[in-house]
Amino acid sequence: MQLAGTYTALITPFNDGRLDEARLRANLDDQLAAGITGVVPVGTTGESPTLSHDEHRRVIDLTAEHLAGRCQVIAGTGSNSTAEAIALTQHAKAAGVDAALLVNPYYNKPNQDGLTAHFLAIADAVELPLVLYNIPGRTNILMAPATAARLAEHPNIIGIKDATGSMDIASELAAETDLAVISGDDSMTLPLMAVGGTGVISVLSNLMPERVKALVDAAAADDLPLARTLHQQLFALCKGLLTLGTNPIPIKAAMAIAGRDTGELRLPLTPLDDSTTAKLQALLIHAGLTPQPA
């Protein structure tokens, strides 16, 4: 598997507190129509912390079944329990996904040796391409580039989603490892690709997959003028989706404004207030979206 291109970190649609399977299928159809490289169900944007294990597995099963090989599926299967991560990854493989995304263990804060042992145990247990996920803002732990380089020696570990915000880390990973380095922040996609990154796992592409894909395609083709123009057009919205509220609160609100989702969240996440929603709507209009009537 080649980890390169535009991937959508899927929201998980809810309606009256339950998984909205019809909306999920419709969202997947929209992604296919846009020519997206792949989708990433049940990650951070998919509210995986509040999904039951049955729901988590159901989203993976439904996504893999509905897409049926028409684009890549990288299932979020990470956990702060190694045994649980192995079990989720085994299920994802059985569902027919192309790869699994494994976040750094959160809360229990293993050291670098613990991180290495955790990911190697998963890679040894499941014959599936694995993508590491370095997001210290969520996990309160940073995977050092030297640790990633050590893990890259395992044939099942093919890439890393970098959401550190550090171009030094991204540059070191691209220069010193064979891992595909993919952006985990929409606002950092162009800078990261400029130092050797291969694409993005995007929040914004839930709503604007064609625009995000155009940016990534331009960067991959070394068309810097076009890539820069698209980056500048989308930058304020990309930042807003991560700063107006905790992800996925703003993207779910944006999907509702566009008539593409209920916007429903699960506690402890709560909706944007009216003034922040107005700021988000202004950013969407600036980026070219026409809101749907309420």
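Let me begin by describing the structure that accompanies this report. Since we're looking at a predicted model, the values are computed, not measured.

Criteria and thresholds
Residues numbered from 1 in each chain as written. Predicted model: local features only at pLDDT ≥ 70, side-chain atom pairs only at ≥ 80, totals over all residues. Heavy atoms only, no water. Buried < 20%, exposed > 50% of the residue type's maximum accessible area, 1.4 Å probe, protein only. Helix = DSSP H or I, 4+ residues; strand = E, 2+ residues; numbered from the N terminus. Pairing = 2+ DSSP bridges. Lys, Arg positive; Asp, Glu negative; His and termini not counted. Salt bridge = Lys/Arg side-chain N within 4 Å of Asp/Glu carboxyl O. Contact = heavy atoms within 4.5 Å. 1 Å grid on protein atoms, 1.4 Å probe; cavity = no way out; pocket = protein on both sides within 12 Å on 5 of 7 lines; lining within 4 Å. Points joined across faces, edges and corners; volume = space filled by probe spheres on them. Nonpolar A, V, L, I, M, F, W, Y, C, P; charged D, E, K, R; others polar. Expected span 1.5 Å × (residues − 1). Arc of directions from axis to C-beta.

**As for the pairing of strand β5 (residues 72-76)**
Reasoning step 1: Across the five residues that make up β5, a large majority, five, are buried.
Reasoning step 2: Of the two faces of β5, the one carrying Gln 72, Ile 74 and Gly 76 and the one carrying Val 73 and Ala 75 are both buried.
Reasoning step 3: Bridge count between strand β4 (residues 38-40) and β5: two bridges; the pairing is parallel. Looking across to β5, one finds that Gly 38 is bridged to Gln 72.
Reasoning step 4: Pairing analysis gives three bridges linking β5 to strand β6 (residues 99-103), with the strands arranged parallel. Paired with Ala 75 across the bridge in β6 is Ala 100.

**Regarding the pairing of strand β10 (residues 199-202)**
Reasoning step 1: In β10, alternate side chains face the same way, and those of Gly 199 and Ile 201 on one face and Val 200 and Ser 202 on the other are all buried.
Reasoning step 2: Looking at chain direction, strand β1 (residues 5-9) and β10 are connected through four bridges and run parallel. What sits directly across from Thr 6, in β10, is Val 200.

**Things to note about the side chain of Asp 185**
Reasoning step 1: Within the fold, Asp 185 resides in the loop between β9 (180-183) and α8 (189-194).
Reasoning step 2: Despite its burial, Asp 185 remains without a salt bridge, the nearest opposite charge being carried by Lys 161 at 7.6 Å.
Reasoning step 3: Excluding its chain neighbours within four sequence positions, the residues that come into contact with Asp 185 are Asp 162, Ala 163, Gly 165 and Leu 242.

**Notes on the pattern of salt bridges**
Reasoning step 1: Counted by the stated rule, this structure contains eight salt bridges.
Reasoning step 2: For Glu 55, the salt bridge goes to Arg 266, with nearest N and O atoms at 2.7 Å. Of the two residues, Glu 55 is situated in helix α2 (residues 53-67) and Arg 266 in the loop between α11 (249-257) and α12 (274-286); the sequence distance between them amounts to 211 residues.
Reasoning step 3: A relative accessible area of 18% places Glu 55 in the buried class.

**Let's talk about the layout of surface pockets**
Reasoning step 1: Within this model, the largest pocket holds a volume of roughly 630 Å³.
Reasoning step 2: For the largest pocket, the lining is made up of 27 residues, of which Gly 43, Thr 44, Ser 48, Pro 49 and Tyr 106 are closest to its centre.
Reasoning step 3: Among the secondary structure elements, those contributing two or more residues to the lining of the largest pocket are α2, α3 (82-95), β6 and α5 (136-139).
Reasoning step 4: Tallied by class, the residues present in the lining of the largest pocket amount to twelve nonpolar, twelve polar and three charged.
Reasoning step 5: As for the second largest pocket, its lining consists of 22 residues, and the residues nearest its centre are Ile 135, Gly 184, Asp 185, Leu 242 and Asn 247.
Reasoning step 6: Secondary-structure elements contributing two or more residues to the lining of the second largest pocket are α5 and α10 (224-243).
Reasoning step 7: Ranked by residues supplied to the lining of the second largest pocket, first place goes to α10 with three residues.
Reasoning step 8: For the lining of the second largest pocket, the class distribution of residues is eight nonpolar, nine polar and five charged.

**Brief notes about helix α1 (residues 21-33)**
Reasoning step 1: In a regular helix each residue adds 1.5 Å, so 13 residues correspond to 18 Å; α1 covers 18 Å between its end C-alpha atoms and thus fits that length.
Reasoning step 2: Burial in α1 covers these residues: Leu 24, Asn 27, Leu 28 and Gln 31. Projected onto a plane normal to the axis of α1, the buried residues spread over an arc of 100° and lie on a single side. Those residues of α1 that are exposed and angled more than 90 degrees off the buried face are Ala 22 and Ala 33.
Reasoning step 3: On its buried face, α1 sits against β1, β4, α2, α9 (209-220) and α11.
Reasoning step 4: Positive phi appears at Gly 35, one or two residues downstream of α1, with a value of about 75°.

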